[in-house]
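Given next are the chains, with one letter for each unit.
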Amino acid sequence: MNRAPYREASIFPAEMLTAAASLVAHCSAADIRVTTAESCTGGLLAALLTEIPGSSAVLDRTFVTYSNDAKIDMLGVSPDLLETHGAVSREIAEAMAIGALSHSETDVAVAITGIAGPGGATPIKPVGLVWFAVAQRGVAPVSSFEEFGDLGRSGIRMAATAKALALLSDAAGL
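As the structure is a prediction and not an experimental result, all values here were calculated from the model.

Caption draft 1: Geometry of the overall build of the chain. A count of helices and strands for the chain gives six helices and five strands. Order of helices (α) and strands (β) in the chain, N terminus to C terminus: α-β-α-β-α-α-α-β-β-β-α. Its C-alpha radius of gyration of 16 Å places the chain within 12% of the 16 Å reference for a compact globule of 174 residues. For the chain, the proportion of its 174 residues judged to be buried stands at 45%. Taking all contacts inside the chain whose residues are at least 6 apart in sequence as the whole, residues at least 24 apart take part in 64%. Surface accessibility of the chain: about 8,500 Å² in total, with carbon and sulfur atoms responsible for 54%. With 11 positive and 18 negative side-chain charges, the chain shows a separation of 6 Å between the mean positions of the two kinds.

Caption draft 2: How the structure looks around unusual backbone geometry. In this model, Gly117 is joined to Pro118 through a cis peptide bond whose omega is 0°. Looking at the element boundaries, Pro118 is found in the loop between strand E3 (108-114) and strand E4 (129-136). In this structure, Asp31 takes a positive phi of about 55° despite not being glycine. Inspection of the secondary structure puts Asp31 in the loop between helix H1 (14-30) and strand E1 (34-38). The exposure class of Asp31 is exposed, given its relative accessible area of 60%.

Caption draft 3: Fine view of the side chain of Glu94. Summarising the element assignment, Glu94 is placed in helix H5 (residues 90-102). Looking at Glu94, its side chain comes within polar contact range of the side chain of Ser143, at 2.7 Å.

Caption draft 4: Up close: the environment of Asp150. Here Asp150 lies in the loop between strand E5 (139-147) and helix H6 (153-171). Once you skip the residues sitting within four places of it in the chain, Asp150 turns out to touch Val127 and Ile156. Of note is the side chain of Asp150, whose polar atom sits 3.3 Å from the backbone nitrogen of Gly152.

Caption draft 5: Broad picture of the environment of Ser169. Among the structural elements, Ser169 can be located in helix H6. In this structure, the C-alpha to C-alpha distance between Ser169 and Asn68, residues 101 residues apart in sequence, is 27 Å.

Caption draft 6: Expanded view of the packing of aromatic side chains. Taken as a whole and judged by the stated rule, the model has two aromatic pairs. A ring pair is formed by Trp131 and Phe145, whose centres lie 4.9 Å apart and whose planes are at 45°; its orientation type is tilted. With Trp131 in strand E4 and Phe145 in strand E5, this residue pair connects regions lying 14 residues apart in the sequence. Classification of Trp131 by relative accessible area gives buried; the value is 16%.

Caption draft 7: The arrangement of H5 in detail. For H5, spanning 13 residues, the distance from its first C-alpha to its last is 18 Å, which sits close to the expected 18 Å at 1.5 Å a residue. Across the 13 residues that make up H5, a large majority, 10, are buried. Taken together, the buried positions of H5 are occupied by Glu91, Ile92, Ala93, Glu94, Ala95, Met96, Ala97, Gly99, Ala100 and Leu101.

Caption draft 8: Structural detail: the nonpolar core. Residues Val34, Leu45, Leu49, Ile112, Val130 and Phe132 are the most contacted members of the largest nonpolar core, which totals 53 residues. Discounting chain neighbours no more than four positions away, the residues touching Val130 are Cys40, Ile112, Thr113, Gly114, Ser144, Phe145, Glu146, Phe148, Ile156 and Ala160.

Caption draft 9: Inspection of helix H3 (residues 68-75) at higher detail. Buried within H3 are the following residues: Ala70, Lys71 and Leu75. End-on, the buried residues of H3 take up no more than an arc of 100°, which puts them together on one face. Turned more than 90 degrees from where H3 packs its buried face, Asp69 and Asp73 sit exposed. Contacts from the buried residues of H3 go to E1, strand E2 (59-64), helix H4 (79-85), H5 and E3.

The rules behind the values
Residues numbered from 1 in each chain as written. Predicted model: local features only at pLDDT ≥ 70, side-chain atom pairs only at ≥ 80, totals over all residues. Heavy atoms only, no water. Helix = DSSP H or I, 4+ residues; strand = E, 2+ residues; numbered from the N terminus. Rg over C-alpha atoms; globule rule 2.2 N^0.38 Å. Buried < 20%, exposed > 50% of the residue type's maximum accessible area, 1.4 Å probe, protein only. Contact = heavy atoms within 4.5 Å. Areas by Shrake-Rupley, 256 points an atom, 1.4 Å probe, with all protein chains shown as cover. Lys, Arg positive; Asp, Glu negative; His and termini not counted. Charge placed at Lys NZ, Arg CZ, Asp CG, Glu CD. Polar contact = N/O pair within 3.5 Å; in protein donor to acceptor, adjacent residues only side chain to side chain. Phe/Tyr/Trp six-rings, centres within 6.5 Å; stacked < 30°, edge-to-face > 60°. Expected span 1.5 Å × (residues − 1). Core = buried A, V, L, I, M, F, W, Y, C linked by side-chain atoms within 4.5 Å. Arc of directions from axis to C-beta.

So far we have only geometry, and geometry alone does not tell us how the molecule works.
Structural data, given as structure tokens:
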């Protein structure tokens, strides 16, 4: 039986893999460790980073905190904060990033929380709204949001992953 040679495939586009490889190389050389706290992306950023050989020198651990209970239990997010602002908010993104940093041995944490759809939207929180936050030791967290629009569930999750990778790269000094 004649078999074709094995070719590794990835669910990620080449430009995202290239950016992730640059981040891993830079962080490895600079001895920077990172972590992720992901909600709507469901671990896609962690999956992207672990596609890169050598990522174990950079990625300490990751947190997929899809439910509010997971955000509370794993990251120490305040239930009152969740009740007041909702899971998709600046306040929760920042609390997730701070929690990921405090529950890991890392220098930089990025958090992602949003509405991938098709349900879950409200008039003030539409499908495609994603909040991001980056936390570094000794520095106040920095947050931002994107309204990706209704790109479909997979499209929103992939766009949010790419944005979070860019934010993590900026925070790491790349």
